[in-house]
Amino acid sequence: YGDFNQKIDYVFKVILIGDSAVGKSQLLARFSRNEFSVDSKATIGVEFQTRTLLIDHKNIKAQIWDTAGQERYRAVTSAYYRGAVGAMVVYDITKRQSFDHVTRWLEELRGHADKNIVIMLIGNKSDLGSLRAVPTEDAKEFAQRENLFFMETSALEATNVESAFVTILTEIYRIVG
Ligand code: GDP
Ligand code: MG
């Protein structure tokens, strides 16, 4: 599951952004270690996690960066964006405001990141369907308009998490590989 003793063909930096508490750290924990912790504080302070995947017969090391709480103070620095070839902009499907703020996060991205960065919109907490505040169709239309990939995920139930990361990494590989 983790890194093997192998030749790495590519290292791709992918950053997670989005409002606080949307589930960025848990998405990363799910993808990098297949874990979910109810007490998210355990992951605060971690800069990035890596996982190596085989895509198109190439060993691709995904280096996934987490804001580690900086989003609360709007203190995501340009160093965070530097060198990123992919970005996941995460909102919580039960929190309308976190979806409305996606526009701001995209502005931040476009101000700081490379113009060819691959961007994926992620509606997380799909397991909380009864509390849904953002219709899937609204997000899908928004993503189409903004030229973003889109997926709904649940870090808790491990739904679509692997698929979301594999999709963005495959797309990055198509561009730079
Ligand atoms: P971050 O601030 O964006 O990093 O968010 P966290 O990963 O710390 O998650 C915030 C809260 O949402 C925590 O209580 C998590 O347990 C919870 N959470 C994260 N992902 C999911 C999910 O997919 N489903 C549910 N129900 N809760 C989640
Ligand atoms: Mg976090």
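Residues numbered from 1 in each chain as written. Chains lettered and ligands numbered in written order. Predicted model: local features only at pLDDT ≥ 70, side-chain atom pairs only at ≥ 80, totals over all residues.

Draft legend 1. Inspection of unusual backbone geometry at higher detail. A positive phi angle is found at N147, which is not glycine, with a value near 65 degrees. Topologically, N147 is positioned in the loop between α5 (136–146) and β6 (149–153). Take N147: there are 7 C-beta atoms within 10 Å of it, and that puts it in the exposed class. Even without glycine at this site, N160 takes up a positive phi of about 65 degrees. (Helix = DSSP H or I, 4+ residues; strand = E, 2+ residues; numbered from the N terminus. Buried ≥ 20, exposed ≤ 12 C-beta atoms within 10 Å, placed from the backbone.)

Draft legend 2. Structural view of the sheet that holds strand β1 (residues 10–17). Strand order in the open sheet formed by six strands is β2-β3-β1-β4-β5-β6, and the pairing between neighbours is mixed. Looking at which strands have only one partner, the edges of the open sheet turn out to be β2 (48–55) and β6. If you compare each strand with its neighbour and ignore which way they point, the axes differ by 25 degrees on average. Pairing of strand β5 (residues 118–124) with β6 involves five bridges; the strand directions are parallel. For G123, the partnering residue across the bridge sits in β6 and is E152. Its contacts with the sheet place helix α1 (residues 24–33) against β1, β2, β3 (58–65), β4 (86–92), β5 and β6, and it is angled at close to 45 degrees to β2. The sheet strands contacting helix α4 (residues 102–112) are β1, β4 and β5, and the helix crosses β4 at an angle near 165 degrees. (Pairing = 2+ DSSP bridges. Axes fitted to C-alpha atoms, helices over the stretch in contact; angles between N-to-C directions. Contact = placed C-beta atoms within 7 Å.)

Draft legend 3. Region of the structure containing the packing of α1 against helix α6 (residues 161–176). Remark: α1 packs on α6, axes separated minimally by 9 Å, with the N-to-C direction vectors making an angle of 85 degrees. When the axes of α1 and α6 are compared, the pair comes out roughly perpendicular. For the pair formed by α1 and α6, the contact residues are L27, R30 and F31 on the first element and V161, E162 and F165 on the second. Split by residue class, the contact of α1 with α6 holds four nonpolar, no polar and two charged. (Parallel < 35°, antiparallel > 145°, perpendicular 65-115°, else oblique. Nonpolar A, V, L, I, M, F, W, Y, C, P; charged D, E, K, R; others polar.)

Draft legend 4. Fine view of the confidence of the model for the protein. With 90% of its residues at a pLDDT of at least 70, the protein reaches an overall mean of 91. Among the scores for the predicted complex, ipTM is 0.99 and pTM is 0.94. (pLDDT = per-residue confidence, 0-100.)

Draft legend 5. Examining the environment of E146 more closely. Structurally, E146 is set in helix α5. Residue class for E146 comes out partly exposed when judged on the 14 C-beta atoms lying within 10 Å of it. With 21 residues separating them along the chain, E146 and K125 place their C-alpha atoms 22 Å apart.

Draft legend 6. Summary view of the environment of S163. Turning to its location among the elements, S163 is positioned in helix α6. You can call S163 exposed: it has 11 C-beta atoms within 10 Å. Through-space distance from the C-alpha of S163 to that of G69 is 25 Å; in sequence the pair is 94 residues apart.

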